[in-house]
Amino acid sequence: METGKTFASLRSALTACRKASSHAAKLALDIALPTLCISCREPVDGEGVCAECWARLSFIAPPCCPRLGIPFVYDPGPDMLSMEANANPPAYARARAAVRYDDVARTLVHALKYQDRTDLAPAMGRWMARAGRELLDEADVLIPVPLHWRRAWRRRFNQSGALARAIERQSGVKLAAEALRRIRPTEQQIGLSRTQRASNVQGAFKVAPDRQAQIAGRRVVLVDDVLTSGATADACARTLLRAKAASVDVLVFARVVEGHRTPI
C-alpha cells in the first residue's frame, strides 16, 4: 500500500514538473515567434485558427438526434431519433459534439493530441461548452476519458483532461480527473472495425475505489476529443453506471458524421 502511495506521489510530482517545463518552453516560443494557424500556417492572433479556417469548421447545430447528437438534414421534431440510436442505443444517455470531424477539426485534434499544442484546448473547450450547454446545465461532475499510465507517460498529458479543464472553467462544473482509470493498455482504435473497437476497450476501465463518492448518485459528463464508433465512450459509461452514477452524458470536440442523416 505504501509503495502504491509513493508511486502515485512520484507520478504527480513528475507530471507537475513536465507541465511547468512545457509551459516555460511555450512561453519562450510565444515571445520569439508569431502564432501561426494550426491548419494553414498563416499568422493568427490568439485562437490558433485563422478566420478562414474557422469558417471551414463544420459546427454542429440543431436539428440533431437528441440521443447521439448526429445532425439531421431537416427538423423532424424533438423526439425523433437517428437510425443509429434506434438500431444500437448506447449506455450513455446523450452525446454532443462541437464540430464534425473534417480536415480542419482533424488537424486541431492531432495538434492537441500529438504535438503538445495545449494552447488549443481553451478555444476547443469553449466550443464544446457551447455545444454541450444542455448537458452541462444538468451535470454534477466532469470525467475525462483516461489514458493508460504508460501512454500518458509517452504523450506527457491527456488531451481529454486538457479539454475537460477548459470546460470546467467555462461551465463551473467540477472536474474529477482521477475518478475513472484505464487499468489495462489498449490498442489504438484507428483501423479497427466497430466490433473490434468494442472488444478492444472491454474491461479496460475502472472507477478508483477511493473515488466512488465522486460518482455515486452524480450526473456525469464524460469528456473526450473525438467520437467515432462510440465504443470507448460506451465502455466508460458502463463502468460509471456500475459505480452508481445517476446518468452519463458524453461531450466531445468532434464526431464522425457519415453522409446526410435522416431520422427514423
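So, a few notes on the structure that sits alongside this text. All residue numbers refer to positions counted from 1 along the written sequence of the respective chain. Owing to the predicted nature of the model, reporting of local features is limited to residues with pLDDT of at least 70; listing and counting of side-chain atom pairs is limited to 80 or more, with chain, interface and lining totals taken over all residues. Calculated side-chain values reflect all of the structure's heavy atoms, with hydrogen atoms and water omitted.

With that out of the way, let us pick up the sheet that holds strand E7 (residues 247-255). The strand order across the open sheet formed by five strands is E1-E7-E6-E2-E3, and the pairing between neighbours is parallel. This sheet does not close on itself; its edge strands, each paired only once, are strand E1 (95-100) and strand E3 (174-175). When DSSP locates at least two bridges between a pair of strands, those strands are taken to pair. Each helix is a run of H or I in the DSSP string that is no shorter than four residues. Each strand is a run of E no shorter than two, and both are numbered from the N terminus. Judged from the eight bridges that link them, strand E6 (residues 219-227) and E7 form a sheet pairing that is parallel. Bridge pairing links Asp-224 to Val-252 in E7.

So, on to the packing of aromatic side chains. In this scheme Phe, Tyr and Trp rings, the latter by its six-membered ring, pair at centre separations within 6.5 Å, and the angle between planes marks the pair as stacked below 30 degrees, edge-to-face above 60, and tilted otherwise. This structure, assessed with the given rule, holds three aromatic pairs. Between Trp-54 and Phe-59 the ring centres are 5.4 Å apart and the planes differ by 50°, which places this aromatic pair in the tilted class. A centroid spacing of 6.1 Å and a plane angle of 25° characterise the contact between Trp-127 and Phe-253, whose relative ring orientation is stacked. Of this pair, Trp-127 sits in helix H5 (residues 121-131) while Phe-253 is found in strand E7, placing the two residues 126 residues apart along the sequence. No difference in accessibility class separates Trp-127 from Phe-253, as the two residues are buried. Every member of this aromatic cluster is reached through a ring pair, and the members are Trp-54, Phe-59, Trp-127 and Phe-253. Two conditions define a charge sitting above a ring: the NZ of Lys or the CZ of Arg must be within 6 Å of the ring centre, and it must be within 35 degrees of the ring normal. Positioned above the aromatic ring of Tyr-101 is the side chain of Arg-106, whose terminal nitrogen or guanidinium carbon lies 5.1 Å from the ring centre. Burial status follows relative accessibility: with a 1.4 Å probe on protein chains alone, a residue under 20% of its type maximum counts as buried, one over 50% as exposed, and anything between as partly exposed.

Moving on: the pairing of E1. Each regular strand shows side chains that alternate between the opposite faces of the sheet. Counting buried residues along E1, five of its six residues qualify, which places the element largely inside the surrounding structure. As paired strands, E1 and E7 are joined by five bridges and run parallel to one another. Bridge assignment links Ala-97 to a residue of E7, and that residue is Val-252.

What follows concerns the nonpolar core. Across soluble globular proteins, nonpolar side chains have a tendency to be buried as a group. Throughout this description, the term nonpolar core refers to a set of buried Ala, Val, Leu, Ile, Met, Phe, Trp, Tyr and Cys residues connected via side-chain atoms within 4.5 Å. Ranked by size, the top nonpolar core spans 38 residues in total, and within it Leu-108, Met-124, Met-128, Leu-136, Val-221, Val-223 and Phe-253 carry the most contacts. Elements that contribute at least two residues to this core include exactly E1, helix H4 (103-114), H5, helix H6 (133-136), helix H8 (159-171), E6 and E7. Residue contacts are counted whenever heavy atoms from the two residues lie within 4.5 Å of one another. If we skip the residues at most four places from it in the chain, Phe-253 touches Ala-97, Ala-98, Val-99, Ala-105, Leu-108, Val-109, Met-124, Trp-127, Met-128, Asp-224 and Asp-225. Core analysis: the second largest hydrophobic core is formed by 34 residues, Ala-97, Ala-176, Val-207 and Cys-236 among them.

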